Amino acid sequence: MQVPEYDLIIIGSGPAGMAAAVTSRGQGLKVLVLDEQPTAGGQIYRNIEHLELHRNPEFKKLGRDYSEASGLVKRFKNCGADYLSGMTVWQIEKELVVRVVHNSPGQDKKSPLSFKAKKILIAVGAMERPMPIPGWTLPGVMACTAVDVLYKSAGIVPKGTVVLAGAGPLLLLIATRLLDAGVKISALLNTNPQNALLKALPHLPSALRTPEYLVKGAGMLLKLRTSGVPIHFGIRSIEAQGKENLNRVRFVSSKGTQTVDADLLLLHQGVVPNVQITRLLGCEHQWYESQRYWEPVLDEWGNTSVPGIAVAGDCGRVSGSKVSELSGHIAALETARALGALSESKRDEQASSIRAELKKQQASRPFLDTLFEPQKSWIVPEDEATMVCRCEEVDVGEIRNTVRLGAHSPDRVKAMIRSGMGFCQGRMCALTLSEIIADELKISPADVGYLRVRSPIKPVTLGQLVSSE
Amino acid sequence: MFKKLPQNGEKVSIDFEGKRLETVTGQTVAAALLGSGEMLFRESAVTGQPRSVYCMMGVCFECLLEIDGKPNQQSCMILVQEGMKIRRQQRPIMENHASA
Amino acid sequence: MNSIQTDTIVIGGGIIGVSLAYGLIKHGSSVILLDREDQNLTASRANFGLVWVQSKGYGMPRYAEWCIEATDHWPVFSESLEEETGSKLNYENTGGFEICLGEEELAARVKFIEDMRMQSRNGQYEVSMLSRDELQKMLPKIALGNDVSGASFCRHDGIVDPLNLLRTFYQGFQKRGGDYRPGHWVEDIQKDGSGFLVKTPKQHFRAQKLVIASGLATTKLSNMVGMAVPVSPQKGQVLVTERTSKLFPFATGGIRQNANGNFMFGASHEDTGIEIGTSTDILKVLVSRALRIFPVLENLQLVRTWAGLRVLTPDQKPVYCESEEFPGAFAVTSHSGVSLASLHSDKLPEWILEGKIFPDFDVFHPRRFNV
């Protein structure tokens, strides 16, 4: 099969990807959007079209953001970009060839599996920061956003008693959504330090430029308080207990040790950029100390250090759906300029109003980022038997011992004890691994580095590999 | 554990470990199983621990299942199809398992 | 800068350096092992883990004998290393195949094996040819593809987990009090009385003996102590699949299944200079061949790819030499670091520490490249 060529290939159809598609199509570019999820909207607006059409009362409950996003999805669907969903990118070559596979079986012969681009925009969003605690591999312990995905994509909600643990705006949001859906929350273990609000206060004036976020946040807190959910503060440790399934959650708070029964434990420690593709492509990354993650180094238009590769949205820096959408527009304008479809002055002119809005939308970030600053104690587990690499079952103690053996980088540790060698290809352990090595050597993760990412960034069968064009 | 809210969509039935489960089109295999009350998805590859869905968005690879005879399929990314035969992912059989 | 004194300095933390360092300390020497910054090209981490005889030593019978001696010593060596460290190497003396596709490859293999037998000086070279049917009988759990025409088989060959081996050497070295210094890039080596002064930006070291086992840096470092050891890089790409049940309990040149159940496919031979990227076109070539041998593997999922640089001398055979200008300085390089690890640990220290002369060992001197 011939390899189809595009001006721009966008990976991801969340707010950033959809916005970029709309704007780049507006400049007459030939655009392809690839997404591994079955529907457009990203994780934040997952399954939004179906929700609006078939579950309208629930859709309305999700708030104004959703009705706005629904408009964006409609514009995206009508913009004339080719859109292929349910397709996973497993390799991008320097010549800007993107290789994909279909997720669902029996689809391979229906469309080409390689595409060539003049420019590539990576808009794959963020992922939850892994929160390794003892017992977190037990069935019944899940990432907090997993229940949100289940609710929105499948109309499935938790049954029985639910414990939430961690910190961050998403934890509060999901807690309130669960209450709305009639789910019983038996405890909320707030791991945020008690002085966090005090620390964040200096950033409050700036955050007041977008009061709607603060109002929303206050509303969620109020709802939690009035619903009678027991909120525990000063959490020092959390352990998931059970044999075949989670049964109990044991935690130590400022009030001592407690154990609560639980059918589901939802963990959340903020979100971090999904850097698998930018790492694969060898883009330069930097350590963002305040949020303790790596992000690709970008210029003001979203260009990475690798020619032809740009980034928009949360996979550049976690900033939320509005900022992501705006950064998608900006990256698309720059792409149009680079391909000669738009003059530099026109690009700047069109970008200036977007930038003004962008600045406003970013105003609350310093407040939120300080309020929910990631705590090292929840990233580097104290208990040495805590699993770090869930795939290859490597714990904290083994990693520390290997560092003491002289393995001072993630790749060396990986080569010795297989952490990061499993199916998830390091997505679930790479950050923790770097943090533990840094902790053991008493240096910054910035100086430790990150696991080397190579293709395939998602598994592909040998048959699919040899038949790729 | 999970429960289903009223479902929209065309009815689909799938086979999980010999049991017939009813679900609807547009759902992922992982969601269909969880919605039917199934929690145990697989044995971990190294020591055979029980494992289940963790992230639901294609990151963690905990939801691996054997689907229509193919092992280690990422069930949160695969949509249900009528008649799909699904089994828990077992740990591969190695002669030297005790020492693995 | 103050310096740290030891008996022997080994430069290079790859499989050759650490196997020598471990062996030297076991033979009573105090050892400092210097290793460079981590973003390096260590071939040891892209290794396939074959303990391999059957294709080695063509044109140099002494090397073939050395390989046979090494593989025959592997069982004793691995048992003692495992016992000392409590780690598993997953070494198995399975015997190994070179599987042929089509009649032309088979004929070439028959001739190669015959040539190897002819050059053998003591009749130790025990490699036999198997028909396709005989091969299939030895592999009851995996069907051969239609193109498979036969194979050569050598009982000496085996497999080991190369990453476990590397780790276990480090454990053994540390356990015996070895001093491993990662992040030490050697800038200069000077004569220092009857010994050597080795300079890194962080620290200076002094020792009576010096062993250079520095992979691609061997040429440069050996030059500092009067040895000319030419080496050049050759890229090899490797693929690793998901785990599956044990189907193929043997070694071959391009396909193996490790103790965890992952299949590995390798390895390409590319002259791309100092560069360790993987490329889809090369990976396709490797996998296409593997699938012609075992078509049933086509549904296995590829989980990882890797690439490393082989360290090759002009004739691809090892170099063992002591500097004539600066006695006490040694250079060791080979791209059979795993197969030869048993002798590098248990035998070479006698040469380095006690000056023991092995028969015909001089054939490994790099002066052979000067003719």
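Since we're looking at a predicted model, the values are computed, not measured. (Residues numbered from 1 in each chain as written. Chains lettered and ligands numbered in written order. Predicted model: local features only at pLDDT ≥ 70, side-chain atom pairs only at ≥ 80, totals over all residues. Heavy atoms only, no water.)

### Notes on the packing of aromatic side chains
Two aromatic rings, taken as a pair, are described by how far apart their centres are and by the angle between their planes.
Part 1 of the reasoning: Counted according to the given criterion, the structure contains 31 aromatic pairs over all chains.
Part 2 of the reasoning: Feature note: the residues Tyr63, Trp66, Tyr320, Phe330, Trp351, Phe358, Phe361 and Phe364 of chain C constitute an aromatic cluster, connected by ring pairs.
Part 3 of the reasoning: In this structure, Arg347 of chain A packs its charged tip against the face of Trp301 of chain A, placed 3.7 Å from the ring centre.
Part 4 of the reasoning: One Lys or Arg, Lys347 of chain C, reaches over the ring of Phe358 of chain C and ends 5.0 Å from the middle of that ring. (Phe/Tyr/Trp six-rings, centres within 6.5 Å; stacked < 30°, edge-to-face > 60°. Lys NZ or Arg CZ within 6 Å of the ring centre and 35° of its normal.)

### A word on the pairing of strand S3 (residues 19–24) of chain B
All names here are of chain B.
Part 1 of the reasoning: Inspection of the sheet shows strand S2 (residues 11–16) paired to S3 by six bridges, in the antiparallel sense. Counted as the bridge partner of Ile14 is Leu21 from S3.
Part 2 of the reasoning: Taking the residues that link successive antiparallel strands as the turn, the S2-S3 hairpin has two residues, and the phi of Glu17 there is positive, at about 50°. (Pairing = 2+ DSSP bridges. Helix = DSSP H or I, 4+ residues; strand = E, 2+ residues; numbered from the N terminus.)

### So, the domain arrangement of chain A
Residue and element names in this part refer to chain A.
Part 1 of the reasoning: With domains assigned, chain A is organised as domain 1 (5–127 + 272–342), domain 2 (130–269) and domain 3 (380–448).
Part 2 of the reasoning: Computed over C-alpha atoms, the centres of domain 2 and domain 3 are 26 Å apart.
Part 3 of the reasoning: When domain 2 packs against domain 3, the two sides together hide about 700 Å² of surface, and 66% of this comes from carbon and sulfur.
Part 4 of the reasoning: It is Pro130, Pro132 and Trp136 in domain 2 that bury the most area against domain 3; as a group they hold 67% of the surface buried on that side.
Part 5 of the reasoning: Taken together, the links from domain 2 to domain 3 amount to zero salt bridges.
Part 6 of the reasoning: Applying the counting rule to domain 2 against domain 3 returns two residue pairs in polar contact (both at pLDDT 80 or more). (Domains from an automatic or database assignment. Buried area = accessible area lost by both parts, 1.4 Å probe. Salt bridge = Lys/Arg side-chain N within 4 Å of Asp/Glu carboxyl O. Polar contact = N/O pair within 3.5 Å; in protein donor to acceptor, adjacent residues only side chain to side chain.)

### Some details on helix H16 (residues 430–441) of chain A
In an α-helix there are 3.6 residues to a turn, and that puts residues three or four apart on one side.
All names here are of chain A.
Part 1 of the reasoning: If you check H16, its first and last C-alpha atoms are 17 Å apart, about what twelve residues at 1.5 Å a residue would give, namely 16 Å.
Part 2 of the reasoning: Buried residues dominate H16, accounting for ten of its twelve residues.
Part 3 of the reasoning: Downstream of H16 by a residue or two, Lys442 has a phi angle that is positive, lying close to 55°. (Expected span 1.5 Å × (residues − 1). Buried < 20%, exposed > 50% of the residue type's maximum accessible area, 1.4 Å probe, protein only.)

### Description of empty space enclosed by the protein
Part 1 of the reasoning: In the structure shown here, the tally under the stated rule is eight cavities of 30 Å³ or more.
Part 2 of the reasoning: Each pocket or cavity is described by its volume, and for the second largest cavity that value is around 160 Å³.
Part 3 of the reasoning: As for the second largest cavity, its lining consists of 18 residues, of which Lys414, Gln425, Arg452, Val453 and Arg454 of chain A are closest to the centre.
Part 4 of the reasoning: Looking at the lining of the second largest cavity element by element, the count peaks at four residues for strand S16 (residues 301–312) of chain C.
Part 5 of the reasoning: Within the lining of the second largest cavity, the residues separate by chemical class into eight nonpolar, six polar and four charged. (1 Å grid on protein atoms, 1.4 Å probe; cavity = no way out; pocket = protein on both sides within 12 Å on 5 of 7 lines; lining within 4 Å. Points joined across faces, edges and corners; volume = space filled by probe spheres on them. Nonpolar A, V, L, I, M, F, W, Y, C, P; charged D, E, K, R; others polar.)

### A word on unusual backbone geometry
Part 1 of the reasoning: That bond from Ser455 of chain A to Pro456 of chain A is cis: its omega, -5°, falls within 30 degrees of zero.
Part 2 of the reasoning: Among the structural elements, Pro456 of chain A can be located in the loop between helix H17 (445–448) and strand S23 (460–461).
Part 3 of the reasoning: With phi around 55°, Glu393 of chain A is a residue other than glycine that occupies positive phi space.
Part 4 of the reasoning: In this structure, Glu393 of chain A sits in the loop between strand S21 (387–389) and strand S22 (394–395).
Part 5 of the reasoning: A positive phi angle, near 50°, is found at Glu17 of chain B, a position not held by glycine.

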